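Descriptive analysis of the structure
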Amino acid sequence: GAVVSQHPSWVICKSGTSVKIECRSLDFQATTMFWYRQFPKQSLMLMATSNEGSKATYEQGVEKDKFLINHASLTLSTLTVTSAHPEDSSFYICSASVTSGGRGDTQYFGPGTRLTVL
Amino acid sequence: EDQVTQSPEALRLQEGESSSLNCSYTVSGLRGLFWYRQDPGKGPEFLFTLYSAGEEKEKERLKATLTKKESFLHITAPKPEDSATYLCAVRSRSNTGKLIFGQGTTLQVKP
């Protein structure tokens, strides 16, 4: 149980183009999904928190116009990197939270998407 | 400010050599401490959640414990397939829903 998928697993694009990454919870409904970014040999950096049907909450320093997040349903959230540049190249990981018996939520992570911008 | 520090940064063990990973935390009201395993190029895999001091959880060769200031991940008789980066994260009352991650401990188990 608690399986999260991401698509695509990797993508290469040209500078200036936009890229959309999908995050799906396969066997549960997630009221909240999170988007992280991870650079080589570093830990996860939270970019934004996404709740179904409402606007995402972005962390300080994350450009909301560049990283568009849509949480259209309880099982799908998308991250669109607009006008991508080489410095946006990174490993993007989503997670979906599941309530654990009233003690709070547990986040389950997707397999990640490797974005390379040329 | 909530903070998580993991040590050591890297650990090399021989197969069968037991050891412990440390996660020290400072939070304003702990609402859960989480351990994840991450393999290279993959997303973190959930291992354990601990909520209160004295709590312990076990899974195969792994055992997680929690005090008011730190958590330990004990690895008993590790195998090469236990090689991975182990991440510790906390959730606090002031950061509802968010996880604050440590930098991780990269474990290498040699046969």
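The rules behind these values
Residues numbered from 1 in each chain as written. Chains lettered and ligands numbered in written order. Predicted model: local features only at pLDDT ≥ 70, side-chain atom pairs only at ≥ 80, totals over all residues. Heavy atoms only, no water. Helix = DSSP H or I, 4+ residues; strand = E, 2+ residues; numbered from the N terminus. Rg over C-alpha atoms; globule rule 2.2 N^0.38 Å. Buried < 20%, exposed > 50% of the residue type's maximum accessible area, 1.4 Å probe, protein only. Contact = heavy atoms within 4.5 Å. Areas by Shrake-Rupley, 256 points an atom, 1.4 Å probe, with all protein chains shown as cover. Pairing = 2+ DSSP bridges. Axes fitted to C-alpha atoms, helices over the stretch in contact; angles between N-to-C directions. Buried area = accessible area lost by both parts, 1.4 Å probe. Salt bridge = Lys/Arg side-chain N within 4 Å of Asp/Glu carboxyl O. Core = buried A, V, L, I, M, F, W, Y, C linked by side-chain atoms within 4.5 Å. Patch = residues over 30% accessible without salt bridge, like charges linked within 9 Å, V, L, I, M, F, W, Y side chains within 5 Å.

The next thing to look at is the overall build of chain A. Scanning chain A for helices and strands turns up 0 helices and 11 strands. Its C-alpha atoms give chain A a radius of gyration of 14 Å, within 12% of the compact-globule value 13 Å for 118 residues. The principal-axis extents of the C-alpha atoms in chain A amount to approximately 45 × 25 × 25 Å. Counting all 118 residues of chain A, 50% fall into the buried class. Put simply, 54% of the contacts in chain A that link residues at least 6 apart link residues at least 24 apart. When the accessible surface of chain A is summed, it comes to about 5,800 Å², and 52% of that surface belongs to carbon and sulfur atoms.

Residues and elements named next belong to chain A. Here we have 4 strands laid out as an open sheet, ordered S1-S3-S8-S7, and antiparallel in their pairing. Since the sheet does not close on itself, it has two edges, and those belong to strand S1 (4-7) and strand S7 (67-73), each with one partner. Between one strand axis and the next, the sheet turns through 15° on average, direction left out of account. Pairing of S7 with strand S8 (residues 76-81) involves 5 bridges; the strand directions are antiparallel. Paired with Ser73 across the bridge in S8 is Leu76.

Let us look at the environment of Pro40 of chain A. Residue and element names in this part refer to chain A. When you line up the elements, Pro40 lands in the loop between strand S4 (32-38) and strand S5 (44-51). Pro40 sits in the exposed class, given a relative accessible area of 64%. Taking the C-alpha atoms as reference, Pro40 lies 8.3 Å from Phe91; in sequence the two are 51 residues apart.

Below, the discussion takes up the interface of chain A and chain B. Think of interface size as the accessible area that goes away when the parts come together; that is how it is often given. At the junction of the two partners, chain A supplies 20 residues and chain B supplies 20 residues. Both faces combined, the contact of chain A with chain B buries some 1,500 Å², and carbon together with sulfur accounts for 52% of it. At the junction of chain A and chain B, the tally comes to 1 salt bridge. Of the charged contacts in the structure, one is a salt bridge between Lys98 of chain B and Glu59 of chain A, with a shortest N-O distance of 2.9 Å. Every element with two or more residues in the side of chain A that touches chain B is listed here: S4, S5, strand S9 (90-99) and strand S10 (105-109) of chain A. Here the side of chain A that touches chain B takes 5 residues from S10 of chain A, the largest share from any one element.

So, about the nonpolar core. Of all hydrophobic cores here, the largest spans 25 residues; its most connected members are Trp35, Tyr58, Phe67, Ile69, Leu79, Tyr92 and Leu115 of chain A. For Tyr58 of chain A, the contacting residues outside a window of four places in its chain are Met47, Ala48, Lys64, Phe67, Leu68 and Ile69 of chain A. Grouped together as the second largest cluster of nonpolar side chains are 24 residues, Leu13, Leu21, Ile75 and Cys88 of chain B included.

Another point: the sheet that holds strand S1 (residues 3-7) of chain B. Residues and elements named next belong to chain B. Strands sit in the order S1-S3-S8-S7-S6 across an open sheet of 5 strands; the sheet is antiparallel. Only two strands of the sheet have a single neighbouring strand rather than two, namely S1 and strand S6 (56-59). Averaged over all adjacent pairs, the angle separating strand axes in this sheet is 15°, with direction ignored. In this structure, S6 lies alongside strand S7 (residues 62-66), joined through 4 bridges in antiparallel fashion. Along S7, the bridge assignment pairs Lys57 with Ala64.

Residue and element names in this part refer to chain A. Nonpolar side chains collect at one region of the surface, where Trp10, Ile12 and Leu118 lie side by side and expose about 390 Å² of accessible area between them. For Leu118, the location among the structural elements is in the segment after strand S11 (113-117). Note on Leu118: relative accessible area 62%, which makes it exposed.

Our next topic: the pattern of salt bridges. Residues and elements named next belong to chain B. Applying the stated criterion across every chain, the model contains 7 salt bridges over all chains. A salt bridge links Lys57 to Glu55; its shortest N-O distance comes to 3.7 Å. Taking the relative accessible area as the measure of exposure, Glu55 reaches 16% and is therefore buried.

A few words on the pairing of strand S2 (residues 10-14) of chain B. Residue and element names in this part refer to chain B. Burial along S2 is one-sided: Leu11 and Leu13 are buried, and none of Ala10, Arg12 and Gln14, which face the opposite way, are. Here S2 pairs with strand S11 (residues 105-110) via 5 bridges, running parallel. Counterpart to Leu13 in the pairing with S11 is Val109.

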